[in-house]
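One-letter residues, chain by chain:
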Amino acid sequence: GDVHEWTDLTCRHHCAKDSFVLPNDNWMWANDWEIEIVDDLRQNDADGWEYSSDFETFSRQRRSYRRGDLCRRRRWTRTRIRKTVFDKALVSPCPVVWETER
């Protein structure tokens with residue numbers, strides 16, 4: 001049968017992308033969800049889709065479309081950063097460059 005729209009790597013467990021939470025209040029999201037696109041088009045197509053003949057045969061090895069493939073998936077990623085590192089950068093002095101003219 002069909003798998004859920006959002007799953008883990010195995011395509012067996014439902015994992016909505018908005019259900020991921022940060023480990024604690026020391027973390028923050030650095031960006032929104034993004035599609036991971038590998039530059040090597042043998043691993044995915046230009047839109048980030050990787051293919052397989054069925055969902056059960058997907059593995060960690062990524063590949064592009066082959067004749068007979070009926071299933072596709074793509075990996076979404078999001079980066080988290082520690083707030084303490086981010087906050088420290090905000091309060092640390094930073095050099096200023098002035099534009100001058102004669």
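For clarity, every value in this text was computed on a predicted model and none was experimentally measured.

Peer 1: Outline the overall build of the protein, supporting the account with residue identities and numerical values.
Peer 2: Counting its secondary structure elements, the protein contains 1 helix and 6 strands. Helices (α) and strands (β) of the protein occur, in sequence order from the N terminus, as β-β-β-β-β-β-α. Looking at the protein residue by residue over its 102 residues, the buried ones come to 17%. Across the protein, the fraction of contacts at a sequence separation of at least 24, relative to all contacts at a separation of at least 6, is 41%. When the accessible surface of the protein is split by element, carbon and sulfur atoms take 50% of a total near 8,700 Å².

Peer 1: Explain the side chain of Asp 69 residue by residue, including any values.
Peer 2: Looking at the element boundaries, Asp 69 is found in the loop between strand E3 (50-52) and strand E4 (71-73). Polar side-chain contacts of Asp 69 include one of 3.4 Å to the backbone nitrogen of Ser 53. Within the local environment of Asp 69, its side chain forms a polar contact with the backbone nitrogen of Arg 66, the two atoms lying 2.8 Å apart. Those residues in contact with Asp 69, other than ones at most four positions away along the chain, are Tyr 51, Ser 52, Ser 53, Arg 63 and Ser 64.

Peer 1: Give a detailed account of the packing of aromatic side chains, specifying residues and quantitative values.
Peer 2: A complete count under the given rule lists 4 aromatic pairs for this structure. With a centroid separation of 5.6 Å and an interplanar angle of 70 degrees, the aromatic rings of Trp 6 and Trp 76 are classed as edge-to-face. Of this pair, Trp 6 sits in the segment before strand E1 (27-29) while Trp 76 sits in strand E5 (residues 76-77), and the two are 70 residues apart along the sequence. One aromatic cluster in this structure is built from Phe 20, Trp 29 and Trp 33. Seen from the ring of Trp 49, Arg 72 lies directly overhead, with NZ or CZ sitting 3.9 Å from the centre. Across the ring face of Trp 27, the terminal group of Arg 80 is positioned such that the distance to the ring centre comes to 4.5 Å.

Peer 1: For the pattern of salt bridges, give the residues involved together with the corresponding values.
Peer 2: Counted by the stated rule, this structure contains 3 salt bridges. With a shortest N-O distance of 3.3 Å, Arg 75 and Glu 36 are connected by a salt bridge. Here the residue Arg 75 occupies a position in the loop between E4 and E5, and Glu 36 occupies one in the loop between strand E2 (34-35) and E3, the gap between them amounting to 39 residues. Taking the relative accessible area as the measure of exposure, Arg 75 reaches 33% and is therefore partly exposed.

Peer 1: How would you explain the side chain of Glu 50 if you had to name every residue and give the values?
Peer 2: Turning to its location among the elements, Glu 50 is positioned in strand E3. For Glu 50, a relative accessible area of 2% translates into the label buried. Not counting residues within four places of it along the chain, the set of residues in contact with Glu 50 comprises Gln 43, Asn 44, Phe 58, Ser 59, Gln 61, Arg 62, Arg 63, Cys 71, Arg 72 and Arg 73.

Peer 1: Requested: an account of the environment of Leu 9, with residues and values cited.
Peer 2: Tracing the chain through its elements places Leu 9 in the segment before E1. For Leu 9 and Arg 60, which are 51 residues apart along the polypeptide, the C-alpha to C-alpha distance reads 7.7 Å. Not counting the four nearest positions on each side in its chain, Leu 9 is found in contact with Arg 60 and Arg 73.

Each value, and the rule that gives it
- Residues numbered from 1 in each chain as written.
- Predicted model: local features only at pLDDT ≥ 70, side-chain atom pairs only at ≥ 80, totals over all residues.
- Heavy atoms only, no water.
- Helix = DSSP H or I, 4+ residues; strand = E, 2+ residues; numbered from the N terminus.
- Buried < 20%, exposed > 50% of the residue type's maximum accessible area, 1.4 Å probe, protein only.
- Contact = heavy atoms within 4.5 Å.
- Areas by Shrake-Rupley, 256 points an atom, 1.4 Å probe, with all protein chains shown as cover.
- Polar contact = N/O pair within 3.5 Å; in protein donor to acceptor, adjacent residues only side chain to side chain.
- Phe/Tyr/Trp six-rings, centres within 6.5 Å; stacked < 30°, edge-to-face > 60°.
- Lys NZ or Arg CZ within 6 Å of the ring centre and 35° of its normal.
- Salt bridge = Lys/Arg side-chain N within 4 Å of Asp/Glu carboxyl O.

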